[in-house]
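# Working through the structure, step by step
Chain by chain, the residues:
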Amino acid sequence: MSMAAMFDTAREFTLSAADSASRLVDMRPLQISEIRAMLNSGTEREVRVGLQSLFSLIANGTDTRELFAEVVKNVTSSDFTVRRMVYAYLEKYSDYEPELALMTINGIQKTLASNQSPVARAMALRAIASIKVISISSIVGMAISEAANDLSPIVRIACCQAIARCYSLDSSMGPELLGVLEGLLNDSNDPAVSGWALAVLATSFPNRLDYLHKPWRRLCSSLVSFDEWCQTVSLPFMVKYARHFMSEQDPDVKRLLEGAKPLLHSMNSAVVVETAAVYFYLASTEDFDQYNVAPALVCLKQTELTLQNLEVLVTARPHSFERYLSYFYLSPLDNSDTRVLKLRMISNITNSSNFSAIFQELQYYSHLLEDGRSLTAVMQCLASCATKTPAKVSSVIKWLLTAIASDKRPVLVSQALMALRFVLQQESQDQETRHRASALHQLGKALDNSDLPPDALATTLWLVGEYCREQPALATEVLRKQLKQLAQQPAEVRLQIIQLGAKLYSQYLSEPSRFDARVPKFFEHAIYLGRYDSNYDIKDKVRMFQVLLNDNEHELATLMIQARKPPPMFVRPEEEFKFTLDSGSLSVGHNLTGYMSLEPWGNNGDPADREDDVVVEPTAQTTSISKNTVHREVPMSKLKEKVKAVSLAEFLESSSAEESDDEESSEADDSSDAADDDFDEDSDV
Amino acid sequence: MESIYVFDQTGRSLLNFSSLPAPSVDEVVSLVLKKPTGSLVELTPSQLAFRHRYGTLDFVVPCSTLVQPMAVEAFVDQLIRCLEAYFDGKLTAQLIESNASTIMQLLYEMVDAGQPRITEPDILKGLVPTKSLLDSLWSSSRQTAPAWNLRWRRQGITHTKNQIFIDLVESLHVVVSSQTKNKRKQPKAMTGSAYYSTTATISSRPLVCRVRGQVKINCLLTGDPRVSLQLGRASGPNALFTSIAFHSSVDSTQWESRGNISFTPPDGPSMIAEYSLDISDPGLVNAELLRNVGADRNEFEVRVSTSMDTTVEHIQGLQVVVNFPQSTRNIKELRLTTGDLATSTPKKACWSFGAKTPVGWNATFRGQASSEDEPVQPLYATVSYRAIGRVPSKLAISGLSIQNQLFQERPYRGVRYQTLVDNFSIR
């Protein structure tokens with residue numbers, strides 16, 4: 001160890017010792033009663049330390065509701081940090097103590113109205129919107145509509161977020177809130193504000209696509225200035241709008257494709273995947289390639305979620321990913337889930353020009369990997385790649401047979417046989433069956449001298465039986481040999497031996513001339529052995545064969561026994577796959593509550609609704625807002641009247657007296673607003 | 001996102017941040033902590049939970065089924081990045097526990113009504129004062145709210161000494177398919193590289209040789225300066241990035257039109273760009289693995305060499321690890337020209353060369369390995385090292401200009417090139 005390293009270790013040691021020492025002194029968690037005393041002490045520092053300790057308690061899950069009164073009385077503290085802790089506490093517990101919570105409104109409003117700092121105003125707005133008492137929703141609405149005109153974008157952004165909170169508290173506020181949100185969506189001073197407004201529209205009012213008509217072109221060109229979290233939420237909403245109102249050729253779709261382009265350079269992987277979804281759902285494959293979507297995706301950190309999304313894209317557009325095949329090569333560090341996902345990707349990208357490289361990779365993996373799940377996936381991948389490139393099938397079969405004959409790992413042998421079965425089954429009847437013939441003969445030989453693992457043996461017997469019509473002599477010989485050692489085999493093998501007998505016999509009944517005359521005898525012997533088997537499944541099967549395969553009518557048996565079995569599949573079943581990109585349903589593989597499928601192309605819109613994206617000189621905030629909200633004047637003024645009718649002081653004084661009234665009105669609100677998004681703009685609230 | 005939980009490796013809850021009704025800690029422990037990291041778990045038909053493992057810590061985020069899973073994952077990543085930046089180091093259970101109330105406040109700023117809000121480390125540093133500052137007896141000063149014009153940079157930043165440091169850090173991902181000697185003579189049993197060698201085309205060109213680079217800066221500049229970086233190759237053909245990603249401060253239109261990385265940086269350390277590109281050879285260190293060598297074709301040989309380079313003084317922490325199949329019982333050293341060989345576990349031979357290895361140097365290790373009953377060949381070898389002075393892609397900062405400068409003096413500028421190799425394997 002070098003000197004420097006020793007010093008580092010020594011330093012770490014000292015630091016951690018100092019830290020644990022200070023823990024002994026400082027870190028003893030304060031009791032609720034001690035915190036109460038500190039909050040009541042009146043000195044700023046004591047209050048601050050008390051609140052800090054309170055939040056340590058909340059962090060480990062302690063219920064601190066009993067301190068509600070002591071905490072909220074500090075709501076007007078001149079210390080920013082103290083106010084934040086009070087607000088955070090209020091946000092957590094306001095619905096437990098609604099009356100005490102209402103007492104804080106006056107103080108919060110004071111900060112909102114008079115604090116010089118936009119951050120402080122923004123935080124106060126959030127605090128007032130987070131009080132979960134429905135009777136104050138109109139006061140919140142008032143605060144929101146005022147904040148929408150604030151000169152600072154920080155406050156206007158907070159205003160967007162408050163709209164989402166207020167709407168989830170009281171959906172009857174919808175029309176008023178949408179009016180304010182529309183003004184913010186068209187905020188021409190700061191694109192970040194319209195980004196947040198768009199995000200809130202997408203999450204709180206997902207059906208109000210019509211609000212995008214006017215600002216569409218401007219939103220497309222200002223996407224790059226949005227906050228990354230607005231981008232992730234807004235992009236799918238914009239895709240939905242585009243598919244509903246436009247057609248693929250619409251120049252306004254092109255605007256979105258252009259506007260989203262810089263987002264492919266985002267460091268946020270969610271933004272990159274959502275941007276890729278824009279090109280996937282709105283653009284042709286040529287455009288998908290033109291905009292270089294694939295390289296941005298393959299360079300993302302390969303987490304399970306990213307790969308799940310990539311799989312959808314690679315399956316649909318394998319050519320776009322062909323150049324990036326090596327990004328899906330396995331690394332010794334991958335876990336088995338990642339390996340399976342990458343191998344599926346590889347099998348999708350395979351074509352005749354890259355097959356040799358892939359075959360070489362897969363051979364190496366089969367040698368390198370040791371766990372069963374990965375080996376299974378490698379063999380399945382190999383089989384699926386081989387069937388895509390008929391010219392190379394023979395080399396794959398040859399390699400598989402070598403592996404079956406000589407590999408010492410039972411998992412690999414069984415899986416190689418499954419792969420072989422897959423490959424052989426893919427060769428259709430009319431194609432030349434030369435590969436199959438030689439493969440079956442080699443397998444027959446392998447049966448003679450080796451100690452194949454039971455499941456491999458069962459698969460081999462199944463294969464021989466499946467193709468006994470093509471290779472009657474081989475099948476008969478295999479059956480003869482296997483019958484001799486039937487008693488020593490495990491159940492799955494015994495069953496396959498008896499089934500081989502049944503398959504052969506049913507073929508024999510159809511065309512006796514092509515088969516060995518001993519076949520009926522062998523079958524009879526197999527049935528005889530099976531009848532005394534200890535395994536009930538085997539006994540049942542034997543009884544079924546006996547009934548089906550009598551000499552008189554064997555058509556049914558022929559149908560059942562000789563029916564072609566579907567080959568095992570490697571690709572993911574389509575029902576796990578039909579979900580939209582970056583949806584929870586895609587990740588878990590089945591439909592979840594609230595899943596929204598992809599909007600079909602509708603072309604329901606009129607381009608004339610969309611305003612041109614003119615660069616507006618920044619004007620005074622108030623004028624731009626009022627201009628945009630002119631036609632919403634009715635609900636806005638109504639809101640003001642309502643608030644005026646109950647001034648805050650009156651409200652607080654009479655809040656207890658009016659309680660019963662409030663309950664009634666909130667019930668009325670609930671019932672009148674069953675359909676949350678499709679309310680009538682002019683309905684009375 | 002309904003809440004955020006942090007657990008230690010025993011499943012004890014260290015932090016419980018929730019503002020909306022959320023599943024209980026016990027529920028989360030019993031359902032989620034068994035699942036692999038990075039996975040989305042279905043708790044109920046309308047509730048999911050995302051689990052991310054960080055060292056011995058577990059971050060669990062319950063969320064609605066309407067959530068975009070990628071966004072949750074990206075948020076957890078960003079949360080960890082912010083906490084690391086805030087506490088200036090890796091996170092530990094002790095750190096989380098003793099700073100729980102500070103982290104609760106950071107989370108209050110980072111999440112609003114279940115949606116991510118402010119996730120820029122610099123802004124968060126300004127918003128939430130550290131615990132020690134708040135606790136200190138002498139601190140009676142009132143905390144006032146900070147302000148910002150750019151969402152990643154506080155307003156009114158001042159530094160007495162203006163300086164900017166740029167780090168170009170590249171990590172290499174290399175896969176080399178090794179040469180196979182004596183192709184014609186195959187051992188009868190399937191041992192060693194038999195599978196591979198039957199069809200392997202002999203080629204020393206790497207199958208994969210990929211660079212992942214990061215442009216990191218540590219910016220200590222007064223005001224809101226505009227920094228412009230030019231990324232050029234010292235020699236050779238023009239760099240062609242497979243993909244490049246930028247910090248949100250970077251003006252990507254400047255990149256498209258002029259190839260400039262132009263930005264008003266966040267204060268302090270941050271990553272400005274991240275790129276990926278393919279190169280033709282690994283450069284500084286090369287290695288090969290020979291199988292089935294020796295008189296009885298049951299030996300193997302590993303060779304490692306460093307090439308001459310004027311920009312690099314020495315290679316740091318060079319190590320070669322030779323990996324063998326599970327069945328291996330014994331690894332024998334036949335010849336070792338230099339370095340220390342450790343074969344403590346029967347599956348691995350670690351061959352290391354101390355802190356510094358000179359350039360223009362080579363070493364050889366000849367050995368023999370066997371399982372219970374027969375000789376075995378190595379599966380693959382990995383090479384790891386660090387180097388300061390250049391990057392494998394030969395990229396360099398060819399220009400750095402600062403506009404909108406509020407200070408008189410020319411700021412100190414430092415550029416460092418660093419190579420980190422930990423994903424270099426020879427088959």
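Within each chain, residue numbers correspond to sequence positions counted from 1 in written order. Here chains are named by letter from A upward and ligands by number from 1 upward, in the order in which they appear as written. Only residues with pLDDT of at least 70 are given local features in this predicted model, and only at 80 or more are side-chain atom pairs given and counted; all residues enter the totals for whole chains, interfaces and linings. As a rule here, side-chain values come from all non-hydrogen atoms in the structure, and water together with hydrogens is ignored.

Let us look at the overall build of chain A. Numbering goes from the N terminus for both helices and strands, where a helix is a DSSP run of H or I of at least four residues and a strand is a run of E of at least two. For chain A, the count of helices and strands is 37 helices and 0 strands. Relative to its 685 residues, chain A shows a buried fraction of 56%. Two residues qualify as a contact provided that any one of their heavy atoms is within 4.5 Å of a heavy atom in the partner residue. Excluding contacts between residues fewer than 6 apart, the proportion of contacts in chain A whose partners are at least 24 apart in sequence is 70%. Carbon and sulfur atoms make up 53% of the accessible area of chain A, which amounts to about 29300 Å² in all. Here the term buried applies to any residue with accessible area under 20% of the maximum for its type, exposed to any over 50%, and partly exposed to those in between, with areas from a 1.4 Å probe on protein chains only. Only the protein chains shown count as covering a residue, and every accessible area follows the Shrake-Rupley method with a 1.4 Å probe.

Right, let's talk about the pairing of strand β15 (residues 268-278) of chain B for a bit. Residue and element names in this part refer to chain B. Note on pairing: DSSP must find at least two bridges between two strands before they are called paired. Where strand β11 (residues 208-220) lies against β15, 10 bridges are found, and the strand directions are antiparallel. Directly across from Asn218, in β15, lies its bridge partner Pro269. Here strand β13 (residues 243-246) runs beside β15; their pairing, made up of 4 bridges, is antiparallel. Among the inter-strand pairings, Ala245 is bridged to a residue of β15, identified as Glu274.

All right, on to the interface of chain A and chain B then. Each partner contributes residues to the interface: chain A has 95 residues there, and chain B has 98 residues. Interface area, chain A with chain B, both sides summed: about 8100 Å², of which 52% is carbon and sulfur. Throughout, the accessible surface (probe 1.4 Å) given up by two parts as they are put together, summed over both, is called the buried area. Area buried by chain A at its contact with chain B is led by Trp229(A), His265(A) and Met267(A), which between them contribute 10% of it. What makes a salt bridge here is a side-chain nitrogen of Lys or Arg within 4 Å of a carboxyl oxygen of Asp or Glu, nothing more. Joining chain A to chain B, the criterion identifies 5 salt bridges. Arg427(B) is paired through a salt bridge with Glu361(A); the nearest N and O atoms lie 2.6 Å apart. Among the elements that line the side of chain A that touches chain B, the one with the most residues is helix α3 (residues 44-59) of chain A, at 9 residues. Put simply, Ala, Val, Leu, Ile, Met, Phe, Trp, Tyr, Cys and Pro go in the nonpolar bin, Asp, Glu, Lys and Arg in the charged bin, and everything else, Gly too, in the polar bin. For the side of chain A that touches chain B, the class distribution of residues is 41 nonpolar, 30 polar and 24 charged.

One fewer than the residue count of a helix, multiplied by 1.5 Å, yields its expected span. Across its 20 residues, helix α29 (residues 491-510) of chain A extends 29 Å between first and last C-alpha, which sits within 8% of the 28 Å expected from 1.5 Å per residue. Summarising burial for α29(A): 17 of the 20 residues are buried, a large majority.

It is worth spelling out the nonpolar core at this point. Buried Ala, Val, Leu, Ile, Met, Phe, Trp, Tyr and Cys residues form a nonpolar core when they are joined through side-chain atoms within 4.5 Å. Formed by 273 residues in total, the largest nonpolar core has its most connected members in Leu125(A), Ile144(A), Leu297(A) and Phe321(A). The biggest single contributor to this core is helix α2 (residues 69-87) of chain B, with 12 residues. If we ignore the near neighbours within four places in the chain, the residues touching Leu125(A) are Leu112(A), Ala143(A), Ile144(A), Ala147(A), Val155(A), Ala158(A), Cys159(A) and Ala162(A).

Further remarks concern unusual backbone geometry. The backbone of Asp582(A) shows a phi angle near 55 degrees, a positive value even though the residue is not glycine. Its identity is not glycine, yet Lys394(B) carries a phi of approximately 65 degrees, on the positive side. Within the secondary structure, Lys394(B) is located in the loop between β25 (380-388) and β26 (395-403). Residue Lys394(B) is classed as partly exposed on the basis of its relative accessible area of 38%.

Before going further, it helps to spend a moment on the pattern of salt bridges. Tallying each qualifying case throughout the model produces 48 salt bridges over all chains. Residue Asp227(A) pairs with Arg151(B) through a salt bridge whose shortest N-O separation is 3.5 Å. In this pair, Asp227(A) sits in the loop between α13 (216-222) and α14 (228-245) while Arg151(B) sits in the loop between β8 (148-150) and β9 (153-154), so the two residues belong to two different chains. The shortest N-O distance in the salt bridge between Glu372(B) and Arg329(B) comes to 3.3 Å. With a gap of 43 residues between them, Glu372(B) in the loop between β23 (361-370) and β24 (375-376) and Arg329(B) in the loop between β18 (314-323) and β19 (330-336) connect regions that are remote in the sequence. Taking relative accessible area as the criterion, Arg329(B) reaches 48% and is therefore assigned partly exposed. The structure contains a network of salt bridges with shared partners spanning Arg217(A), Asp250(A), Asp252(A), Arg255(A), Arg610(A) and Asp612(A).

Right, let's talk about the packing of helix α23 (residues 372-388) of chain A against helix α25 (residues 410-426) of chain A for a bit. Residue and element names in this part refer to chain A. Fitted lines through C-alpha atoms give the axes, limited to the stretch in contact for helices. The angle between two N-to-C directions lies from 0 to 180 degrees. Running from N to C, α23 and α25 cross one another at 20 degrees; their axes reach a closest spacing of 9 Å. Taken together, α23 and α25 sit at an angle that is classed as roughly parallel. Relative to α25, the crossing made by α23 is right-handed. Contacts from Gly372, Leu375, Thr376, Met379, Ala383, Ser384, Ala386 and Thr387 in α23 reach Val411, Leu412, Gln415, Ala416, Ala419, Phe422, Val423 and Gln426 in α25. Grouping the constituent residues of the contact of α23 with α25 by class yields 10 nonpolar, 6 polar and no charged. Working rule for angles: under 35 degrees goes down as roughly parallel, over 145 as roughly antiparallel, 65 to 115 as roughly perpendicular, anything else as oblique. The sense of a crossing depends on the near helix, which, turned anticlockwise from the far helix by less than a right angle, makes the crossing left-handed and, turned clockwise, makes it right-handed.

Moving on, we come to the packing of helix α24 (residues 393-406) of chain A against α25(A). When two helices pack together, their arrangement is given by the angle between the helix axes and the distance between those axes. All names here are of chain A. Put simply, α24 and α25 touch, their axes get as near as 9 Å, and they point 150 degrees apart. In terms of their interaxial angle, α24 and α25 are classed as roughly antiparallel. Crossing angle aside, the handedness with which α24 passes α25 is left-handed. Between α24 and α25, the residues in contact are Val393, Ile397, Leu400, Leu401, Ala403 and Ile404 and Leu412, Val413, Ala416, Leu417, Ala419, Leu420, Val423 and Leu424, respectively. Of the residues in the contact of α24 with α25, the class split is 14 nonpolar, no polar and no charged.

Residue and element names in this part refer to chain A. By definition, pLDDT measures how confident the predictor is in each residue, and it falls between 0 and 100. Mean pLDDT for chain A: 81, with 82% of residues reaching 70 or above. Here residues 11-26 is modelled with pLDDT under 50, and outside its nearest four sequence neighbours on either side it reaches 5 contacts, counting other chains as well. Confidence drops under a pLDDT of 50 for residues 616-648, and excluding neighbours within four residues, the segment shows 48 contacts in the predicted structure.

All names here are of chain B. Take Thr357: it is sitting in strand β22 (residues 356-358). Counting along the chain gives 28 residues from Thr357 to Tyr385, while the straight-line C-alpha distance between them is 9.7 Å. If sequence neighbours within four positions are ignored, Thr357 has contacts with Thr306, His314, Ile315 and Leu318.

The next thing to look at is the state of the cysteines. Residue and element names in this part refer to chain A. In what follows, a disulfide is any cysteine sulfur pair within 2.5 Å. This model, assessed by the stated rule, comprises 0 disulfides over all chains. Unpaired in this structure, Cys230 has its nearest cysteine sulfur neighbour in Cys160, at a distance of 8.1 Å. Cys230 gets classed as buried once you look at its relative accessible area, which sits at 0%.

This brings us to the side chain of Gln163(B). Residue and element names in this part refer to chain B. Among the secondary structure elements, Gln163 is positioned in strand β10 (residues 163-176). A residue is classified by how much of its surface remains accessible, and Gln163, at 15% relative accessible area, is buried. If sequence neighbours within four positions are ignored, Gln163 has contacts with Asn218, Cys219, Leu220, Leu221, Pro411 and Tyr412.

Quick look at the sheet that holds strand β5 (residues 57-64) of chain B now. All names here are of chain B. Sheet architecture is open: 5 strands sit in the order β2-β1-β5-β4-β3, paired in antiparallel fashion. In this open sheet, the two edge strands, each paired with only one partner strand, are β2 (13-18) and β3 (39-44). The average angle at which neighbouring strand axes cross in this sheet is 20 degrees, direction not considered. Note: β3 against strand β4 (residues 47-54), 5 bridges, orientation antiparallel. Residue pairing in the sheet places Thr44 in a bridge with Gln47 of β4.

In this model, chain B carries an average pLDDT of 84, and 88% of its residues clear a pLDDT of 70 or more. A low-confidence stretch, residues 181-203 of chain B stays under pLDDT 50, and its non-local contacts, those more than four residues away or across chains, total 47 contacts.

Okay, the packing of aromatic side chains next. Aromatic pairing here means that ring centres of Phe, Tyr or Trp (its six-membered ring) are within 6.5 Å. Orientation follows from the plane angle: under 30 degrees is stacked, over 60 is edge-to-face, and everything else is tilted. According to the stated counting rule, one finds 29 aromatic pairs over all chains in the structure shown. Between the aromatic rings of Trp229(A) and Phe75(B), the centroid separation amounts to 5.9 Å while the plane-to-plane angle is 70 degrees, which identifies the pairing as edge-to-face. Of this pair, Trp229(A) sits in helix α14 while Phe75(B) is found in helix α2, placing the two residues in two different chains. The buried category is assigned to Trp229(A), whose relative accessible area is 3%. An aromatic cluster of at least three residues, connected via ring pairs, comprises Phe300(B), Phe324(B), Trp351(B), Phe353(B), Trp361(B) and Phe365(B). Positioned above the aromatic ring of Trp462(A) is the side chain of Arg421(A), whose terminal nitrogen or guanidinium carbon lies 3.8 Å from the ring centre. Distance and angle both matter: a charge sits over a ring if NZ of Lys or CZ of Arg is within 6 Å of the ring centre and within 35 degrees of the ring normal.

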